[in-house]
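Fold and contact review
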Amino acid sequence: MPQQPPILARKDFLAPSVFEPKNLLREARRQKNLPSAAVPDVCILDPDGDIVRMLAKAGRTRRSLGWACYHTELFEFECAGEYFGIIGCTVGASFAVLVAEQLFASGCRCLISVTSAGQILQHMPPPYFILIDRALRDEGTSYHYLPPGEFAAAEEGLVEAAMEAFAASALPIHRGASWTTDAPFRETADAIAHCRALHVLAVEMEAAGLYAFARARCKPVLCFAHVTNQMALVEGDFEKGDADGGAASLRVIAVAASAWRGLAARERPSTKGGRSAE
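In what follows, the accompanying structure is described.

Scoring rules and cut-offs
Residues numbered from 1 in each chain as written. Predicted model: local features only at pLDDT ≥ 70, side-chain atom pairs only at ≥ 80, totals over all residues. Heavy atoms only, no water. Helix = DSSP H or I, 4+ residues; strand = E, 2+ residues; numbered from the N terminus. Buried < 20%, exposed > 50% of the residue type's maximum accessible area, 1.4 Å probe, protein only. Contact = heavy atoms within 4.5 Å. Areas by Shrake-Rupley, 256 points an atom, 1.4 Å probe, with all protein chains shown as cover. Patch = residues over 30% accessible without salt bridge, like charges linked within 9 Å, V, L, I, M, F, W, Y side chains within 5 Å. Salt bridge = Lys/Arg side-chain N within 4 Å of Asp/Glu carboxyl O. Lys, Arg positive; Asp, Glu negative; His and termini not counted. Charge placed at Lys NZ, Arg CZ, Asp CG, Glu CD. Pairing = 2+ DSSP bridges. Core = buried A, V, L, I, M, F, W, Y, C linked by side-chain atoms within 4.5 Å. Expected span 1.5 Å × (residues − 1). 1 Å grid on protein atoms, 1.4 Å probe; cavity = no way out; pocket = protein on both sides within 12 Å on 5 of 7 lines; lining within 4 Å. Points joined across faces, edges and corners; volume = space filled by probe spheres on them.

Overview of the overall build of the chain
In terms of regular secondary structure, the chain is built from 7 helices and 10 strands. C-alpha extents for the chain along the principal axes are approximately 50 × 50 × 35 Å. With 278 residues in all, the chain has 50% of them scored as buried. Intrachain contacts of the chain at a sequence separation of at least 6 include 77% that bridge at least 24 residues. Here the chain displays about 13,700 Å² of accessible surface, and carbon together with sulfur accounts for 55% of that area.

In structure tokens:
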């Protein structure tokens, strides 16, 4: 009988990890002589880095002096009356989840990811946004957090709250599935046809890992696909709109954050724009 591949073998999903993010951050703070400070309640992953660059160019960000991650910089800014943290260039599920673990260990209460994505099923000409409600698990990270399965799903109550908020704001957004891959340059015709048969709307690189992490850790995470391209099959592809899509992405983020706050308020009161204790 053939052995299971290592990514599926010897997984105990209920066992604690020996290597914990809070301990890594403790040592990083010691080495860097950093204070122990909480990050904003709502944090953003910006895999393309377009939002971070737009905000920095406008002078709207300040570097978080207490963020101890070895691999990234956290920037803080205000938008629509909300205080956010944002990290750019968190490309791929493994890197996104590595950072997500540390953000939640540092006081984050809700994580929003907005990544550019390739069009699989045509809704309209790019660019447009999709709220990813489930992600096809064609990457590696999710298999360390959840048993094998076809999709990693977002928390339905959070998705529904967000969709209601988008409808009320008249901000156009689609809802549906994405395909998360670790290998964007191995998007073959057969793989794309399979995704279309599953009614997958777009392909990206983070959502399955983030949703598996969210489900395993019981953390609120929302992933958005900014469909900007048709995998360079046509000239003039990868156009994101004004400011490389940064302004439009911020509008999406503001609505999603408001929806999470409303949902969280029904469970536990919180101060808008505040920070959690670590």
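A few points about a negative patch on the surface
Side chains of Glu155, Glu160, Glu164 and Glu267 sit close together on the surface and give a patch of like negative charge. Tracing the backbone shows Glu160 in helix H4 (residues 156-169).

Looking at the pairing of strand S6 (residues 128-138)
Counting buried positions over the 11 residues of S6 gives 9, a clear majority of the element. Examined bridge by bridge, S6 and strand S10 (residues 221-229) share 5 bridges and lie antiparallel to one another. Residue pairing for S10: Phe129 is matched across the bridge by His226. As paired strands, S6 and strand S7 (residues 151-153) are joined by 3 bridges and run antiparallel to one another. Across the sheet, the residue bridging to Arg134 is Ala153, located in S7.

Brief notes about the nonpolar core
The biggest cluster of nonpolar side chains holds 72 residues, and the ones touching the most others in it are Leu103, Leu111, Ile112, Leu210, Val221, Leu222 and Phe224. The dominant element in this core, judged by the number of residues it contributes, is helix H7 (residues 246-265), at 11 residues. When near neighbours in sequence (up to four residues on either side) are disregarded, Leu210 contacts Leu45, Ala96, Val97, Ala100, Leu111, Ser113, Val221 and Cys223. In terms of nonpolar packing, the next biggest core, distinct from the first, is built from 8 residues, Ala177, Trp179, Val200 and Val203 among them.

Remarks on H7
Between its terminal C-alpha atoms H7 stretches 28 Å, which fits the 28 Å expected from 20 residues at 1.5 Å a residue. Of all 20 residues making up H7, 15 are buried, and the element is well covered by its neighbours.

Some words on empty space enclosed by the protein
Taken as a whole and assessed by the stated rule, the structure comprises 1 cavity of 30 Å³ or more. In this structure, the largest cavity encloses a volume near 80 Å³. What lines the largest cavity is a set of 14 residues, and nearest its centre among them are Asp48, Asp50, His226, Lys240 and Ser249. Every element with two or more residues in the lining of the largest cavity is listed here: helix H2 (50-57), strand S5 (110-119), S10 and H7.

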